[in-house]
Structure formats: structure tokens, C-alpha cells
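# Results of the structural survey
The chain contents come next:
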Amino acid sequence: MTEEKYHYFDMPIGELPEPTPVSARRRELARELAAINEQLVRLDVDEAALMAATEQARALRESLEGYSHRSMRDILGRLISGQGNRQDALDMADFEILSGPANVMSPPVTFWLDGDVVRARATFGRAFMGPPGKVHGGVLSLALDMLLAKTQDFVTSLGMTGTLNVRYMAPTPLHREVNFEARLVRLQGRKLFNEARVFVDGVQTVAASGIWISSQGDYRLRPEYAHLANDSDVA
Ligand SMILES: CC(C)(COP(=O)(O)OP(=O)(O)OC[C@H]1O[C@@H](n2cnc3c(N)ncnc32)[C@H](O)[C@@H]1OP(=O)(O)O)[C@@H](O)C(=O)NCCC(=O)NCCSC(=O)Cc1ccccc1
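Residues numbered from 1 in each chain as written. Predicted model: local features only at pLDDT ≥ 70, side-chain atom pairs only at ≥ 80, totals over all residues. Heavy atoms only, no water.

The name an unreviewed UniProt entry gives the protein chain is PaaI family thioesterase, with Alloalcanivorax xenomutans as the organism.

Given below as C-alpha cells:
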């Protein structure tokens, strides 16, 4: 059986290929390290126990420093020419900040398409705190940036965030399920306009809108989303 090839511009944003055995281990290691990070916040522990834990952490770091890193240039080169393998695709997606399950900084946020709506869900722990007991606003902005980027799954072309407006309407609590939704509003040449909302227990806590700028010419609706042109003022 020939191995599936991955193309950078056709990879759904925030969605992950099935993990290879190596990626599954990377995710497991990241989960352990993230749990340690969460555990360390205001840990009520004496100096001797902290010294012992630090020695263990140092030994782990030093053992990992014996390995090199897979080349980003090579991975991206293969993906952009449509010749990426599953490990290449995983190495891009698995380390995405906030959503990548192999990234220690990820809660993680999980993204999926629900018809014409992009949805995401996350539960943020102590390490993501801004005001006491609440999620940091910058973390929510980051999650929204990633969520809104996924509205590019409805179009051909891929671009970068040009503008992101965020209105914080109510504090978003830690340790509770946070639900995100986003939709495409309008296409105009190389610009894609979108908007998003954040909810906790049905109460809206954040509203956002953005403009993405294509790096590959004008945005066009993918054939399977052509109906969006009728539903709204998406061009
Ligand atoms: C590329 C661009 C955004 C635009 O430059 P150019 O290509 O030279 O564009 P040009 O000037 O030719 O205008 C074309 C049209 O667009 C309009 N317009 C222009 N700018 C803006 C604007 N800001 N906001 C709104 N609209 C703007 C402009 O008026 C014009 O409209 P018109 O046709 O007259 O109606 C550039 O400013 C830049 O690199 N900014 C930094 C972006 C960045 O760092 N973002 C954060 C990192 S991304 C990330 O983290 C996520 C990620 C993760 C992983 C993977 C991917 C993504």
C-alpha cells in the first residue's frame, strides 16, 4: 500500500492525522510534562523536595539534549511540494501552540468543523490564569486566532492573521469547559472576514472578529461550501 502524501495547503487547520507510534509517545511525554507544570503552580512543598524534583528534571532535560531536531526546512519543503509523509504532517500539527497534543503548552484546544461553523472546546487549568480563577485574556485571544484561522478550511488559499479584534464581555473561568464557535462572514479579494464567540455554560464571555490576508491570491469558496455565497454576503 502506498503511503498517503500530505500537502501543506490542503491540511485541515487544527485537525490531526492518526499519530505514528513516535507521535503517540511524544503526546504522552507532553501530557506528563504539562501535568507537572500544572502541579507546580503554588505547590506547597519544602525546599528539599523541590531540590530533588529539580535534579530529576535536569537529568531528563540533559538526556533529551543528546538528540537533534527534525529539520523544519526539510519538512516544510516536502509538504509544500505535496510530498509530505504522515510524520511530516504530524510534526507541523502536533506542536501547534494551544492545540498541539505534543506541545507542553497545550491544554489542549480541540477544533472541528460542524457544518458551516468552526467549533472548539478546551478546559484551561491553573497554568493559564490571568485574574485569580480566570483564564488570561491573551490565552483566549490566541485560541480565537487559531479558531478563526480554521474558517480558511471553507476556502482555497491560506493566509495570515491581518487583524484580530477581541471584546472581553465577562471573565472566563478556569477548570470549566470553554466552548468556541466561529464562522466565515465575507470574502473580498485576498481578505477573509470572520467572527467568533466564546461561551461557558451557555453564557457568552468573548466576541471576536478578524481579517485574514491570503498569501496565494484571492480567496475562493471551496466547491463543497459554495452555498455560503447564498447564505450571507460571502462573495
Ligand atoms: C501579509 C500581510 C498581512 C499583508 O501584507 P500584503 O500581502 O503586502 O498585503 P497588502 O498590503 O497588499 O494588502 C492586501 C489587502 O489586505 C489589506 N490589509 C493589509 N494588511 C492588513 C491587515 N493587517 N489587516 C487588515 N487588512 C489588511 C489591504 O488593505 C489590502 O486590501 P485591499 O485589497 O486594498 O482591499 C502583512 O502585513 C504581514 O505579513 N503582516 C504580519 C502578519 C502576521 O504576522 N500575523 C500574525 C502571524 S499569523 C499566525 O500566527 C497564525 C498562523 C499560524 C500558522 C500558519 C499561518 C498562520
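### Quick look at the domain arrangement of the protein chain
Split into domains, the protein chain comes out as domain 1 (1-103) and domain 2 (109-235). The gap between the C-alpha centroids of domain 1 and domain 2 is 24 Å. The interface is formed by 16 residues belonging to domain 1 together with 21 residues belonging to domain 2. Between domain 1 and domain 2 the total buried area reaches about 1500 Å² when both faces are included, carbon and sulfur atoms providing 59% of it. On the domain 1 side of the interface with domain 2, the three residues burying the most area are I13, E38 and L98, jointly 47% of the side's total. With its nearest N and O atoms 3.0 Å apart, the salt bridge here joins E15 to K150. By residue class, the composition of the side of domain 1 that touches domain 2 is seven nonpolar, four polar and five charged. (Domains from an automatic or database assignment. Contact = heavy atoms within 4.5 Å. Buried area = accessible area lost by both parts, 1.4 Å probe. Salt bridge = Lys/Arg side-chain N within 4 Å of Asp/Glu carboxyl O. Nonpolar A, V, L, I, M, F, W, Y, C, P; charged D, E, K, R; others polar.)

### Here we look at the site of the ligand
In the vicinity of the ligand, the residues found are M160, T161, G162, T163, Q188, R190, K191, I211 and I213. Between a nitrogen atom of the ligand and a main-chain N or O atom of G162, the distance comes to 2.9 Å. Residue K191 places a side-chain N or O atom 2.8 Å away from an oxygen atom belonging to the ligand. Contact with the protein chains covers 41% of the free accessible surface of the ligand, which is 1100 Å². Among the secondary structure elements, those contributing two or more residues to the shell around the ligand are β4 (159-168) and β7 (203-214). Looking at the shell around the ligand, the element that brings in the most residues is β4, giving four residues. Considering only residue class, the shell around the ligand consists of three nonpolar, four polar and two charged. (Near = heavy atom within 4 Å. Polar contact = N/O pair within 3.5 Å; in protein donor to acceptor, adjacent residues only side chain to side chain. Areas by Shrake-Rupley, 256 points an atom, 1.4 Å probe, with all protein chains shown as cover. Helix = DSSP H or I, 4+ residues; strand = E, 2+ residues; numbered from the N terminus.)

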